[in-house]
Amino acid sequence: MKTAADISLKPFNSFGVNAVANNMHWLESMDDVQQLQAQSQPASSFDTGADLVLGGGSNILFTSDVPGTVYLNRIRGRNLVEEDGDSVLIEVAAGENWHEFVLWTLNQGYYGLENLSLIPGLVGAAPMQNIGAYGVEISNVLESVKALDWQSGQIVSIKSEDCGFSYRDSRFKSTEPDRFLILSCHLRLLKNFKPELSYTGLASELSAMNIKNPGAKEVSEAVIRIRQRKLPDPAVIANAGSFFKNPEIGTDRAEELRSGHEAMPVYRVSDEICKLSAAWMIEQCGWKGFRQGDAGVSRDHALVLVNHGQASGFEILELSWSIAKSVQDRFGITLVREPQVFGAIP
């Protein structure tokens, strides 16, 4: 297992924040994981608050250095576990690039992930975040997660129904954020394409492309076009994608808000729940394109906070607090942060 000390984390997080890891372990194979198991006492091998598991770094904000060890997950591999007449079960390692994996499934004729094209990061973050876009969530196709349980030191298989999935959330993120090192995911994909086009913007994009009966690759292309147009590329300007979740509220409360803000986008999730556009509310509060030092809000999408160069993680976090307060004051809605913050939060 490759190890090093005093490693800059700036190349390893899409916000481009400068932080330093006291130690880093590169996990590139299951042999490395087994070596980690052999070297560690199960109950004390991961020090909460000092150690960190890091994948693609596309959903983290550093407000301090990492005083312990960063476990950099770079385990690769894709494996066809089983196949029947209608579906396949694929095991994909946590260190695989998510978007590259989605494109690979489409080229193999396996469907279900096309709406999740161009989501940044690695596969290991997918169940942690319960990533979702354009009407599809990873929980729709995930059967199980294989992980190292830091508490027991054992490798375990966790069924989808035991992952605690909810909107942009899971047990790996909220209730037990430091217990598991995700190693791979088992995904059930279809061999016959069934398009999910309930998202209005996706249907409109396909119409603009003059496509009436899209195939999976065309849906993927439409998703990519939308994301490239709306979301800034982290390679061009540092960011972690959407910084806040879209709030979900009761339908009665949603109607009250609409009565005072007729243009407010409201999306019905169920008979009792509606989803609001966090980006619309942030933009109404005047934040789109705002810049304070090197911390700012994207000119292209109000939901995306950016680092124009040398912003610290804490400066970005402070900006997010100001944005959330203005939305709370104007609309009475509490915005919830998506990225994980590593470090002190006063």
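Being a predicted model, the structure only gives us computed values, none of them experimental.

Taken in spatial order, the four strands of this open sheet run β13-β19-β18-β17, and their pairing is antiparallel. Two strands close off the open sheet at either side, each with one partner strand: β13 (238-242) and β17 (291-292). Note: β17 against strand β18 (residues 295-297), two bridges, orientation antiparallel. Counted as the bridge partner of Arg291 is Gly296 from β18. The strands touched by helix α8 (residues 313-331) are β18 and β19 (304-307); relative to β18, the strand with the most contacts, the crossing angle is about 40°.

The interhelical angle for the contact between helix α2 (residues 98-108) and helix α5 (residues 216-230), taken along N-to-C directions, is 155°, at an axis separation of 10 Å. Viewed along their axes, α2 and α5 adopt a mutual orientation that is roughly antiparallel. Viewed along their axes, α2 and α5 form a crossing whose handedness is left-handed. Where α2 approaches α5, its residues His99, Leu103, Leu106 and Asn107 are matched on the opposing element by Ala216, Lys217, Ser220 and Ile224. Grouping the constituent residues of the contact of α2 with α5 by class yields four nonpolar, three polar and one charged.

Across its 15 residues, α5 extends 21 Å between first and last C-alpha, which sits within 8% of the 21 Å expected from 1.5 Å per residue. Looking only at α5, the buried set comprises Ala216, Val219, Ser220, Ala222, Val223, Ile224, Ile226 and Arg227. Next to the buried residues of α5 lie α2, β8 (132-133) and α4 (200-208).

The next thing to look at is the side chain of Ser320. Following the sequence through the fold, Ser320 ends up in helix α8. At 2.6 Å, the side chain of Ser320 and the backbone oxygen of Leu317 are in polar contact. Contacts of Ser320, omitting those with residues within four sequence positions, involve Phe243, Phe244 and Leu305.

Quick look at the side chain of Asn73 now. One can find Asn73 in strand β5 (residues 66-73). A polar atom in the side chain of Asn73 sits 3.3 Å from the backbone nitrogen of Ile75. A polar contact is formed between the side chain of Asn73 and the backbone oxygen of Ile182, at a distance of 2.9 Å. Residue contacts for Asn73: discarding those within four places in its chain leaves Leu27, Leu54, Gly55, Ala94, Gly95, Leu122, Leu181 and Ile182.

Reading guide: rules and limits
- Residues numbered from 1 in each chain as written.
- Predicted model: local features only at pLDDT ≥ 70, side-chain atom pairs only at ≥ 80, totals over all residues.
- Heavy atoms only, no water.
- Pairing = 2+ DSSP bridges.
- Helix = DSSP H or I, 4+ residues; strand = E, 2+ residues; numbered from the N terminus.
- Contact = heavy atoms within 4.5 Å.
- Axes fitted to C-alpha atoms, helices over the stretch in contact; angles between N-to-C directions.
- Parallel < 35°, antiparallel > 145°, perpendicular 65-115°, else oblique.
- Left-handed = near helix turned anticlockwise from the far one by under 90°.
- Nonpolar A, V, L, I, M, F, W, Y, C, P; charged D, E, K, R; others polar.
- Expected span 1.5 Å × (residues − 1).
- Buried < 20%, exposed > 50% of the residue type's maximum accessible area, 1.4 Å probe, protein only.
- Polar contact = N/O pair within 3.5 Å; in protein donor to acceptor, adjacent residues only side chain to side chain.

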